[in-house]
Amino acid sequence: MKRVSPFAFRKASQVGLWSVWLSGLLLILLSLYSTRQLPSLKGNIERPVFMNRTVSAGPSVTIFSAPRAFQGETGSRQFLAIKSWLALSPDIDVVLFARDPSIVSFAGRFGKRVFVESDIDFTFLGTPFFHSMVARSRACDSNISILIHPETILFSDFLSTLKYAHNLTYDWLLIAKSQNISHFPFHLDDSGKHWLHEDGRKIKTKKLQGFLNEKRQWSSCGPGLLLAWNTGELPLHAGVLPPFLYRRGFHDLWVVNEALSSGFRFVFDASDVISSYYPEKLGYWANQMSTIKEVRESGERNWEYAANSNHAMLYGSLNFQGTNFTNNLVKLADCSGQYLFVNTAEGVIYDIQEQRKERFGLWKRSILQVRREKKWTTCIEDSKLLNKQMHSSIKELPNTKRSLHFPFSLESLLQIVADRDKSVVLAVAGNNYRDMLMSWVCRLHHLSISNFVVCALDADMYQFSLLQGLPVFMDQLAPNTISFNDCHFGTECFQKVTKVKSRIVLKILKLGYNVLLSDVDVYWFQNPLPYLYSFGPSVLVVQSDEYKETVPINLPRRLNSGFYFARSDGPTIFAMAKVVKHAAKSDLSEQPSFYDVLCGGGGTHRIGDDRCLEPETNLTVHFLNRNRFPNGAYQGLWEKKNVREACTKRGCVILHNNWVSGRKKKLERQVSSGLWEYDPSSRLCRKGWFGNHSNSHF
């Protein structure tokens, strides 16, 4: 056998290696060429409408807040706070509960990452309801939801804490108390990536936090608690959240108290590991933002606080009354990058990595028993966490129900709620119709109608309406006792109550405002005001109570005084005064007085089939078309299988739930028909977003 020289062998090996290398290079080039020939995916990948996120291993986070109008120092603090949230991560989106135009304008600066949500429950002054905010937040599909004060500034340790909590294997509720900073002389650059001194010089985040830690202080006067929770399957607490007014009182403390009592979720305090600050005053760089002036009275803040106090007592037992219960919470501590749960009251560390499993999936171990935990013990003792007391804004509640007194007179309410045509919608109701009033109010909210006022016939209804944030006033001349179940048509109670309505309408007309009087059992499919206003002056527009289809709609005693529109002009005011005077002397309800005064006894002032002319004032009374404004007996609409569909086909503007005797029967008929807008169990208006929403977050 011929022997191969070493030189020839090396040369052959090199040729082989070069062949392999060239073959590989050829395959790579061929692969790249083939890839370039494939159809491009650019522009064909659908992104969520609302979630403008990049790919990330972190949890998706939605921060919910309810800012005030962007004006002055408040607007500047809110602007800085929201920028600090967005700067933390592209995985964070912000939802602002608001209706003010300045907030919508502000959100537009940040594209799809900031969304303004107005479809929750507000008071007529624009204060959002906390229970509605929480319900909306709970409908979010992000991994983590957060409720935070709109002026709270956050730093990166907030996000790292959320990432740690997200990896826990059980449902949790995180709370954190922000720290007050009397003067905050820093701001974010336009990119939102760098913190700057007042003079524009950059400052490192760690140095900035060190400065803030030296200046921080716990205070009872601040933004309240930050609440965060994972989506999970368990509710935050048992029971129903009361209709607290946001910003004032006990709403966040109530949630924590009930969450602890219910035991569904692991509740812990992360105040010591989260850098969150509430700046009382910003540097001179702060812009003074302008906005539409909000209408506020001096007593509004006291009213909100008193309302929340009443809610706290009416809808839940407050175990934290007179105590600082947050100091008994399990606290999250950071020891050299190691997160630990600490029970400061019992002097216990929870180790989630070893030992036997306890409640909430935690691992319980005493600080003093295990040698390898000495470093944790030293760390916690050095931070003085075991001795630290968090002074939360908890105030003792009164032992008895507090009586609320609204700071608004009827005159001031009209100035606030009337539309540009100086028209208002008036509802008159007693406590026996409180749920029906709320369904009526919810329907008006759905139609974006806010120019309404409520006249309460009794103290209970007045207090209830106040707690619901309604523009309500009390009629001091109303009957002292109103039957809860026996105040229907024909009863003595009904006669007394109806006479209140015309008297209040006359009072409002004399103040210079047009009035649409609507009973609360009238369901509104559309806003009727634009159409009613088209009739012009010296015309009283009324609903007909006639149900027979073959007879005129203006026959004697067929004027329905539960739905009519009256203008504030001379003839209408004079004619209404005659009606009120006539009704005061009558043993019947006000309804016969309307017809007898305006259309004449037996209909002597009738004109055609749908009008009357009052001769002394020349006031025209126009009876509305029943296909668009049907009463409760017309064409048996309430007995249809699908009432809404039947009314929609006829072009109904409203549908009156009359011609039925008794409060219970009214309720049963309206609820069963589906024309009901209020959920008494949750104290919320029924909204589409509970089950479906156009945005990808919900």
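Quick caveat, the model's predicted, so the values are computed rather than measured. (Residues numbered from 1 in each chain as written. Predicted model: local features only at pLDDT ≥ 70, side-chain atom pairs only at ≥ 80, totals over all residues. Heavy atoms only, no water.)

1. Re the pattern of salt bridges
Here is step 1: Under the definition given, this model contains 15 salt bridges.
Here is step 2: Measuring nitrogen to oxygen at the nearest pair gives 3.0 Å for the salt bridge that ties Lys 501 to Asp 519. Pair noted here: Lys 501 is in helix H13 (residues 492-510) and Asp 519 is in the loop between strand S21 (514-518) and strand S22 (522-524), with a separation of 18 residues, a long-range link.
Here is step 3: The exposure class of Lys 501 is buried, given its relative accessible area of 7%.
Here is step 4: Within this structure, Arg 443, Arg 644 and Glu 677 form a network of salt bridges that share partners. (Salt bridge = Lys/Arg side-chain N within 4 Å of Asp/Glu carboxyl O. Helix = DSSP H or I, 4+ residues; strand = E, 2+ residues; numbered from the N terminus. Buried < 20%, exposed > 50% of the residue type's maximum accessible area, 1.4 Å probe, protein only.)

2. Notes on the environment of Ile 274
Here is step 1: By secondary structure assignment, the location of Ile 274 is in the loop between strand S12 (266-269) and strand S13 (276-279).
Here is step 2: Take Ile 274: its relative accessible area is 3%, and that puts it in the buried class.
Here is step 3: Linking Ile 274 and Thr 161, residues 113 residues apart in sequence, is a C-alpha distance of 7.2 Å.
Here is step 4: For Ile 274, the residues in contact, after removing those within four places along its chain, are Asp 157, Phe 158, Thr 161, Leu 174, Ala 176 and Gln 179. (Contact = heavy atoms within 4.5 Å.)

3. A look at the state of the cysteines
Here is step 1: Applying the stated criterion across every chain yields a total of two disulfides.
Here is step 2: A sulfur-sulfur separation of 2.0 Å characterises the disulfide bridge that pairs Cys 442 with Cys 685. Across the S-S bond linking Cys 442 and Cys 685, the dihedral sits near -80 degrees, which makes this disulfide left-handed. Taken together, the residues span a long stretch of sequence, with Cys 442 in helix H11 (residues 434-446) and Cys 685 in strand S30 (residues 684-685) at a distance of 243 residues.
Here is step 3: Put simply, Cys 599 and Cys 612 are joined by a disulfide, and their sulfur atoms are 2.1 Å apart. (Disulfide = S-S within 2.5 Å.)

4. As for empty space enclosed by the protein
Here is step 1: Per the counting criterion, the structure on display carries four cavities of 30 Å³ or more.
Here is step 2: Along the wall of the largest cavity there are 15 residues; nearest its centre are Asp 121, Phe 129, Met 438, Gln 468 and Cys 685.
Here is step 3: Sorting the residues of the lining of the largest cavity by element identifies H11 and S30 as the ones contributing at least two each.
Here is step 4: By residue number, the principal contributor to the lining of the largest cavity is H11, which donates four residues.
Here is step 5: Taken together, the residues of the lining of the largest cavity sort by class into 10 nonpolar, three polar and two charged. (1 Å grid on protein atoms, 1.4 Å probe; cavity = no way out; pocket = protein on both sides within 12 Å on 5 of 7 lines; lining within 4 Å. Points joined across faces, edges and corners; volume = space filled by probe spheres on them. Nonpolar A, V, L, I, M, F, W, Y, C, P; charged D, E, K, R; others polar.)

5. Some points on the nonpolar core
Generally speaking, nonpolar side chains in soluble globular proteins are found buried as a group.
Here is step 1: Ranked by size, the top nonpolar core spans 58 residues in total, and within it Ile 146, Trp 195 and Phe 341 carry the most contacts.
Here is step 2: Here this core gets six residues from one element, more than from any other, and that element is helix H2 (residues 72-86). (Core = buried A, V, L, I, M, F, W, Y, C linked by side-chain atoms within 4.5 Å.)

6. Here's the deal with the packing of helix H15 (residues 570-585) against helix H16 (residues 590-598)
Here is step 1: For the pair H15 and H16, the least separation of the axes is 9 Å and the interaxial angle reads 130 degrees. Of the possible angle classes, the one that applies to H15 and H16 is oblique. You can see that H15 and H16 cross each other, and the crossing is right-handed. When H15 is examined against H16, the residues Ala 575, Met 576, Lys 578, Val 579, His 582 and Ala 583 are found in contact with a partner set consisting of Glu 590, Ser 593, Phe 594, Val 597 and Leu 598.
Here is step 2: Here the contact of H15 with H16 is built from residues that sort into seven nonpolar, two polar and two charged. (Axes fitted to C-alpha atoms, helices over the stretch in contact; angles between N-to-C directions. Parallel < 35°, antiparallel > 145°, perpendicular 65-115°, else oblique. Left-handed = near helix turned anticlockwise from the far one by under 90°.)

7. Digging into the pairing of S21
Here is step 1: Summarising burial for S21: five of the five residues are buried, a large majority.
Here is step 2: The side-chain alternation of S21 yields two buried faces, one formed by Asn 514, Leu 516 and Ser 518 and the other by Val 515 and Leu 517.
Here is step 3: The sheet contact formed by strand S18 (residues 423-429) and S21 spans four bridges and is parallel. Paired with Val 424 across the strands is Val 515, a residue of S21.
Here is step 4: Pairing between S21 and strand S24 (residues 559-566): four bridges, direction antiparallel. Opposite Val 515, over in S24, you have Ala 566 as the bridge partner. (Pairing = 2+ DSSP bridges.)

8. Here's the deal with the pairing of strand S23 (residues 539-544)
Here is step 1: Across the six residues that make up S23, a large majority, six, are buried.
Here is step 2: In the sheet, S23 pairs with strand S27 (residues 619-623) via four bridges, with the strands oriented parallel. Each bridged residue has a counterpart across the sheet, and for Val 542 the counterpart in S27 is Phe 623.

9. Here we look at the side chain of Arg 265
Here is step 1: By secondary structure assignment, the location of Arg 265 is in the loop between helix H7 (251-262) and S12.
Here is step 2: Within the buried core, Arg 265 has no salt-bridge partner, and the shortest N-O distance to an opposite charge, that of Asp 171, equals 4.3 Å.
Here is step 3: A polar contact of 3.2 Å, which involves the side chain of Arg 265, links it to the backbone oxygen of Thr 231.
Here is step 4: From its side chain, Arg 265 meets the backbone oxygen of Leu 234 in a polar contact 2.8 Å long. (Lys, Arg positive; Asp, Glu negative; His and termini not counted. Polar contact = N/O pair within 3.5 Å; in protein donor to acceptor, adjacent residues only side chain to side chain.)

10. Notes on the packing of aromatic side chains
Here is step 1: Applying the stated criterion across every chain, the model contains 26 aromatic pairs.
Here is step 2: Aromatic side chains Phe 268 and Phe 341 sit 5.2 Å apart centroid to centroid with 75 degrees between the ring planes, which places their arrangement in the edge-to-face category. Taken together, the residues span a long stretch of sequence, with Phe 268 in strand S12 and Phe 341 in strand S15 (residues 338-343) at a distance of 73 residues. Across this residue pair, the class does not change: Phe 268 and Phe 341 are buried.
Here is step 3: Members of the aromatic cluster, each reached through a chain of ring pairs, are Tyr 164, Tyr 170, Trp 172, Phe 266, Phe 268, Tyr 339 and Phe 341.
Here is step 4: Over the ring of Tyr 533 we find Arg 567, and its NZ or CZ is 4.1 Å from the ring centre.
Here is step 5: Above the ring of Tyr 531, the side-chain terminus of Arg 628 is found at 4.9 Å from the ring centroid. (Phe/Tyr/Trp six-rings, centres within 6.5 Å; stacked < 30°, edge-to-face > 60°. Lys NZ or Arg CZ within 6 Å of the ring centre and 35° of its normal.)

11. Describing H11
Here is step 1: Its 13 residues place the ends of H11 18 Å apart at the C-alpha level, agreeing with the 18 Å of an ideal helix rising 1.5 Å per residue.
Here is step 2: All of the buried residues in H11 are Met 436, Leu 437, Met 438, Ser 439, Trp 440, Val 441, Cys 442, Arg 443 and Leu 444. (Expected span 1.5 Å × (residues − 1).)

12. Some remarks on the sheet that holds strand S10 (residues 202-203)
Here is step 1: The strand order S8-S9-S10 describes an open sheet built from three strands, whose pairing is antiparallel. The open sheet has two edge strands with one neighbour each: strand S8 (187-188) and S10.
Here is step 2: When strand S9 (residues 195-196) meets S10, the two strands line up antiparallel, connected through two bridges. Residue pairing in the sheet places Trp 195 in a bridge with Ile 203 of S10.

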